[in-house]
Amino acid sequence: MKEPSAATAPATRDDLALASCERAVVRGLDYLASQQEADGAWRGDYGGPMFLLPMYVAACHIGGRPIEPLRRDGMIAYLSASQKIDGSFGLHVEGSGCLFTTVLCYVAFRLLGLVPEDERVARARAFIHAHGTALGCASWGKFTLALLNLYEYDGLQPVLPELWLLPASLPFHPSRFWCHCRQVYLPMAHLYGMRARMPADELTHALRREIYDRPYDSIRFIDHRNTIAPSDVYEPTSSALKAVNFVAGLYERVHGRALRERSLARLLDHIEFEDRATQFIRIGPVNAVLNTLVHFFRSPNSDQTVRSFAALEGYLWDGHDGTKMNGYNSTALWDTAFAAQAMLDTPVGAAPRETLQRAHAFVLNNQVLEDLPDYQRYYRHPCRGGWPFSDRAHGWPITDCTAEGLTAALMLEHAGLPPLPEERILDAVKLLLTWQNRDGGWATYERQRGGRWLELLNPAHVFGDIMVDHSYAECTAASLHSLALCRQHFAAHSDRTHDELLQRRAGTAIRRGERFLRKCQLADGSWEGSWGVCFTYGTWFGVRGLHAAGVPSSDPALRRACEFLYQHQNADGGWGESGDSCRERRYLTSASHAVNTAWALLTLVMAGEAREPRCERAAGFLVTTQLENGDWPRQSLSGVFNKTALINYENYRRIFPIWALTRFAAASA
Ligand code: LAN
C-alpha cells in the first residue's frame, strides 16, 4: 500500500518554531480522532508473531472447519508477504530463518490449498531441508505437528497432566507459572495426555513426505526429543530441564490410567473455568487455539467446540499485508487509554468533544466490576476494579492496563466528563495495592508467585523469560503513576478523603515502587523495556514513574536517564532502536523512528529538558516526518514480548508523537 507523502520539506530552524509543532499536533489529532471506532475505542493491527496464523489454520483443518475462500486468499497473501527471499519465515514478521515458524507456515500454505510445486512452497521446503527438516523445530512447532499427525508423540518431551494434581504449595507447581505460560501448558497437557491427533489422510501423507528427508515410518521420533535447529534456540535447554525431562520420560513409561484420568478431569475443570471467565475468548491466541482443540477432540460438535471456533474468529485481522491472527483479542483498552491521555494533554478544545465522550464511555464500560466466582480455586488473582488490555469480556485484568485505564478515567473527569463512581476508583486502587510485589514492583497479571530460578525450566526454546510473572519497570511505573494521580485526586476532593487508610497505603506503595524503579535503572541511566522496543520505552516508563513519585528533575537518576538518551540521539534529531535490542539486551541503533523519538522526547520533557536544543531537534524530526494526512509513516514494529517476539502496535505512531509534541510545546512556550 502506498503511504501518503511527507508533508513538508526538511525543516529549517524556523519550521521548528512552536507554531509548527502545534500545527502538527492539530493535524495529528484530527487523524487520530478519525481512527476511533463507533464504540469509542481505538483498535489496531496486532500481528507480528508468525506462529499464530498457522496454529489457527491447523485448528480449522483438524476441526474440519473449512476457511471460506476470500479469507483463505487473505491468509495466503499475508503468509506470502511475510516470507523471506531464502524461503524462510521469522519468529516474527521482521525476522527470518526460524525453522519453527517456517515449518508451520509451510504446513499452513499447504492446508490453505497451495500445491507443493508452488514457488513459495518450494522455497520454504528448500529452507526446511537445508536446516535439518521438521525434526529440528522448537517445541511448540513439534506439538502442533503432533496434533496434525505430522510428528509422533514419543518425539515430544512429556507435558505431564499429573503436575496439576500436586500440592500447590510446591515451588514448581503450575499455579506459580506466569499465567500465559500456565494457560498454554494447561491444554497442552490435556492434549498430550489424550495423545490427541487427527486421523491421517492423503494430505497428511503428502506433508509427511515433504517436511522430512526420509520415509516417515523410518524415523525414530523418540531420538529427536532434543533435536533442535540452532535458529530456534534463544533459551537453550538447561541441565535442570534435561533432568526434569528425563524423570518425566521415565514417569510417562510407567504412569497409571486412573491417575491420568483424574489429572485430565482436573485439567478440563481448569480449561472450562478459563472458557467461562473469558467468554471463550481465552487469555491469548495460543490457548484459544489449544482449548478449542481440547473440546474438539472430546466432542467435535459440542456447544463448547462450536463456541470455541466462533470465538477464534475474534482474533483474525485484515491488515495492510493480508489476514492474520492477532496476538490478543484486541488492543482496545490499551490504545484507548493512551489516546485519551495524549488528547487530554493537548490545549483545551483541541480534541473534539465527542471523541473524548466516546473514549470516556469505552473506558468506563470496560472496567471489570465483579470477581470471578471461585477464582482462588483456579489460581486467579481478584479482578474487581481492574481493566484488561482489550475489553471487559476478555476477563483478565492487568496491572498496567488497570493503571492506564484509571489514569485515563481520572483525566477525563478533570476535563469535565462524568466521574467514575467513587467505589470503582477505590476498587481499582485496592486492586493495584494487592498486586504489588514484595520487591516493591508490579508484575503483569498477578503477583510474583515463583522463584526466578523457574526460568531454568523454560521448555519453549524460542522465548525468554516466560516462566514467572515478576516485577517490570513498565508495570511498576504505570501503577505508581496512577496511584499518585489518585492521591492528588482524593486530596482535591475533600468529600473523598474519608479513606485515610487507603491514602496512607497508597503513599507507602508509591515509595516502595520508587525504590524498585531506582534499583532496576541500569548503570548507563536507562531502563530495559520488556513490552516495547526497548530502552527508549523502558526509560520513558522509568522516568514517568519517578516523576510521578515526586522525584525532582535534578535527581541524579533523572540526569543519568537524560544523558543516556542524548548519547543515542541520531544526527537527524530522532531515535531509532533496533528490535534486536530486546534479544540482545543492549541498545542497538537503527534509523530514526517516530515512536522511539516520541518516547525519548516525552522522557526528556518530563525531566525538565524542553528548552534544550536537542529536544527541539527531536521535535523537528517528528514534525518533518509527519504525513500530509496527520499520520506518521509505518515503520518497524514497536512492541515485543518474551525478549524475542516483536509485535505491532499500529496506533503508537498516531498517539505518542502528538503526545510528545504537545508536551514539548507546552513546556517550552
Ligand atoms: C501482551 C499484551 C499486552 C502487554 C502489556 C499490557 C502492553 C504489557 O505492558 C504487559 C504485558 C502484556 C499484557 C502482554 C504480555 C505477553 C502477551 C500476552 C502480549 C504481548 C500479547 C501476546 C503475548 C502472549 C504471551 C503471546 C502468546 C505467546 C506465549 C509465549 C504464551
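Values in this document were obtained by computation on a predicted structure and should not be read as measured data.

Participant: Even after reading the chapter, I still don't get the site of the ligand, so can you show me in this structure?
Facilitator: Taken together, the neighbourhood of the ligand is formed by 20 residues, with Tyr46, His180, Gly327, Asp400 and Phe641 sitting nearest. A distance of 2.3 Å separates an oxygen atom of the ligand from a polar atom in the side chain of Asp400. Under a 2 Å grid-point criterion requiring more than half of the atoms, the pocket assigned to the ligand is the largest cavity. A breakdown of the residues in the shell around the ligand according to their chemical character gives 15 nonpolar, four polar and one charged.

Participant: Honestly, the pairing of strand 2 (residues 322-325) in this entry has me stumped. Any pointers?
Facilitator: The side chains of a regular strand alternate, first on one face of the sheet and then on the other. The pairing of strand 1 (residues 316-319) with strand 2 spans four bridges and is antiparallel. Each bridged residue has a counterpart across the sheet, and for Asp318 the counterpart in strand 2 is Thr323. Linkage of strand 1 to strand 2, two consecutive antiparallel strands, is achieved through a turn of two residues.

Participant: Teacher, can you tell me more about the pattern of salt bridges here?
Facilitator: When the charged atoms of two side chains lie near each other, side chains of opposite charge can form a pair. Per the stated rule, a full pass over the model turns up 35 salt bridges. Arg220 is the salt-bridge partner of Asp223, the closest N and O atoms lying 2.9 Å from each other. On the basis of relative accessibility, which here comes to 47%, the residue Asp223 falls in the partly exposed class. When its relative accessible area of 55% is taken as the criterion, Arg220 is described as exposed. With a closest N to O distance of 3.0 Å, Arg518 and Asp555 form a salt bridge.

Participant: Would you take a moment to explain helix 18 (residues 500-520) for this structure?
Facilitator: Residue pairs three or four apart in sequence face the same way in an α-helix, which turns once every 3.6 residues. The end-to-end C-alpha separation of helix 18 is 30 Å, in line with the 30 Å expected for 21 residues at 1.5 Å each. Looking only at helix 18, the buried set comprises Leu502, Gln503, Ala506, Gly507, Ala509, Ile510, Gly513, Glu514, Phe516 and Leu517. For helix 18, the secondary structure elements touched by its buried residues are helix 16 (422-435), helix 17 (473-492) and helix 19 (535-548).

Participant: Sorry if this is basic, but what is going on with empty space enclosed by the protein here?
Facilitator: Gaps between atoms show up when a probe of the same size as a water molecule is rolled over them. Scanning the entire structure with this criterion turns up seven cavities of 30 Å³ or more. Looking at the largest cavity, its volume works out to about 590 Å³. Counting residues per element, the ones that place at least two in the lining of the largest cavity are helix 7 (179-194), helix 11 (285-298), helix 15 (399-414) and strand 3 (639-641). In the lining of the largest cavity, the residues fall into 26 nonpolar, six polar and one charged. Of the voids in this model, the second largest cavity is the one considered here, and its volume is about 90 Å³. Surrounding the second largest cavity, 13 residues form its lining, Gln635, Ser636, Asn648, Tyr649 and Arg653 being those nearest its centre. The residue inventory of the lining of the second largest cavity, partitioned by class, reads five nonpolar, five polar and three charged.

Rules and cut-offs
- Residues numbered from 1 in each chain as written.
- Predicted model: local features only at pLDDT ≥ 70, side-chain atom pairs only at ≥ 80, totals over all residues.
- Heavy atoms only, no water.
- Near = heavy atom within 4 Å.
- Polar contact = N/O pair within 3.5 Å; in protein donor to acceptor, adjacent residues only side chain to side chain.
- 1 Å grid on protein atoms, 1.4 Å probe; cavity = no way out; pocket = protein on both sides within 12 Å on 5 of 7 lines; lining within 4 Å.
- Sits in = over half its atoms within 2 Å of the grid points.
- Nonpolar A, V, L, I, M, F, W, Y, C, P; charged D, E, K, R; others polar.
- Pairing = 2+ DSSP bridges.
- Helix = DSSP H or I, 4+ residues; strand = E, 2+ residues; numbered from the N terminus.
- Salt bridge = Lys/Arg side-chain N within 4 Å of Asp/Glu carboxyl O.
- Buried < 20%, exposed > 50% of the residue type's maximum accessible area, 1.4 Å probe, protein only.
- Expected span 1.5 Å × (residues − 1).
- Contact = heavy atoms within 4.5 Å.
- Points joined across faces, edges and corners; volume = space filled by probe spheres on them.

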